[in-house]
Amino acid sequence: MAEKPEPVKVLYCPACSLPAEYCEFGPDFEKCKPWLIKNAPELYPDLLKEADEKEAESVSEQLHSVGISSFGADGAVSSVHSGETSSYKQEEVKRLPGGKIKKKVRQEVVIEKVVRNKRKSITIIKGLDLFGIKLSDASKKLGKKFATGASVVKGPTEKEQIDVQGDIAYDIVEFITETWPDVPETAIYFIEEGKKVPAA
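Throughout what follows, the structure given in this document is the object of discussion. (Residues numbered from 1 in each chain as written. Predicted model: local features only at pLDDT ≥ 70, side-chain atom pairs only at ≥ 80, totals over all residues. Heavy atoms only, no water.)

Description of the pairing of strand S5 (residues 109-116)
Move 1: Pairing of S5 with strand S9 (residues 188-192), which is carried by four bridges, proceeds in the parallel orientation. Within S9, the residue paired with Ile111 across the bridge is Phe190.
Move 2: Count of turn residues in the S5/strand S6 (residues 120-126) antiparallel hairpin: three residues, of which Asn117 carries a positive phi of about 55 degrees. (Pairing = 2+ DSSP bridges. Helix = DSSP H or I, 4+ residues; strand = E, 2+ residues; numbered from the N terminus.)

This is how it looks when you write it as C-alpha cells:
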C-alpha cells in the first residue's frame, strides 16, 4: 500500500503575505529582506552576503566618522582626519510610495540637435524647468529672438521640452545665460553623437 503524501508546509512572509520564495516579486522586497535573512536564508543566499557587506560598511563608516584608524582591504592601516571628506557621500534620495527610491535630479540644461528629412533640423532644449523657468514663456522668447517656431512638447520620457525649428544650438547658450541668470553656463550641455559635452 502506498504511503499517504504529507501536506507541504509553506512559509509565508509577514511583510508581503506571499510565500517566502516569491517575496522578490512582491510589492516591497526591501521590507521582506530582514525577515528572509532571519527565517529563510537558504532561499536567498545573496541576501546574507549583502547583509554582511552592509554590516561591514556601516562599521567602517562609524569608524571613519569618529576618526579612528581601520584596516583597509589590503591590510594597511588607514586613518581619516576630521578635516578630510569621506568618500561615502551619497546623493540625496527620496522614497516614493512602494519603497522605490527617487534620486535627486541634477539641475542641467541639455541641448540637442536633431536632423529630420536630411535637411531640416530641430534644436531640443531640456531641463529649463528645473531652474524655475516657465517653458511656455521661454519658448515665446526663443521664437522671437531667433525668428523661428518654438513650442513646448512632451519628450520620449514624458517630460516637457522645447522644440525650436532650425540649428541654433551654439547661439542659444549665450541667449540662455543672458536671459535667465539663474542658469549657469556650467550647467548647460550639448548632446553630440550620443555623448553629453559641456557647453562651457
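A word on the side chain of Ser121
Move 1: Tracing the backbone through its elements, the reader meets Ser121 in strand S6.
Move 2: For Ser121, a relative accessible area of 15% translates into the label buried.
Move 3: Among the polar contacts made by the side chain of Ser121, one reaches the main-chain amide nitrogen of Asp167 at a distance of 3.4 Å.
Move 4: For Ser121, the contacting residues outside a window of four places in its chain are Lys113, Val114, Val115, Arg116, Gln165, Gly166 and Asp167. (Buried < 20%, exposed > 50% of the residue type's maximum accessible area, 1.4 Å probe, protein only. Polar contact = N/O pair within 3.5 Å; in protein donor to acceptor, adjacent residues only side chain to side chain. Contact = heavy atoms within 4.5 Å.)

Describing helix H3 (residues 135-146)
Move 1: With twelve residues, H3 should cover 16 Å at 1.5 Å per step; its first-to-last C-alpha distance of 16 Å lies within 8% of that length.
Move 2: Considered for burial, the residues of H3 that qualify are Leu135, Ala138, Ser139, Leu142, Gly143 and Phe146. Viewed end-on, H3 has its buried residues packed into an arc of 135 degrees, placing them on one side of the element. Among the exposed residues of H3, those pointing more than 90 degrees away from its buried face are Lys140, Lys144 and Lys145.
Move 3: For H3, the secondary structure elements touched by its buried residues are S6, strand S7 (150-154), strand S8 (160-165) and helix H4 (172-179).
Move 4: Just downstream of H3, Ala147 is the residue with a positive phi angle, here 50 degrees. (Expected span 1.5 Å × (residues − 1). Arc of directions from axis to C-beta.)

Geometric values such as these leave the question of function open.
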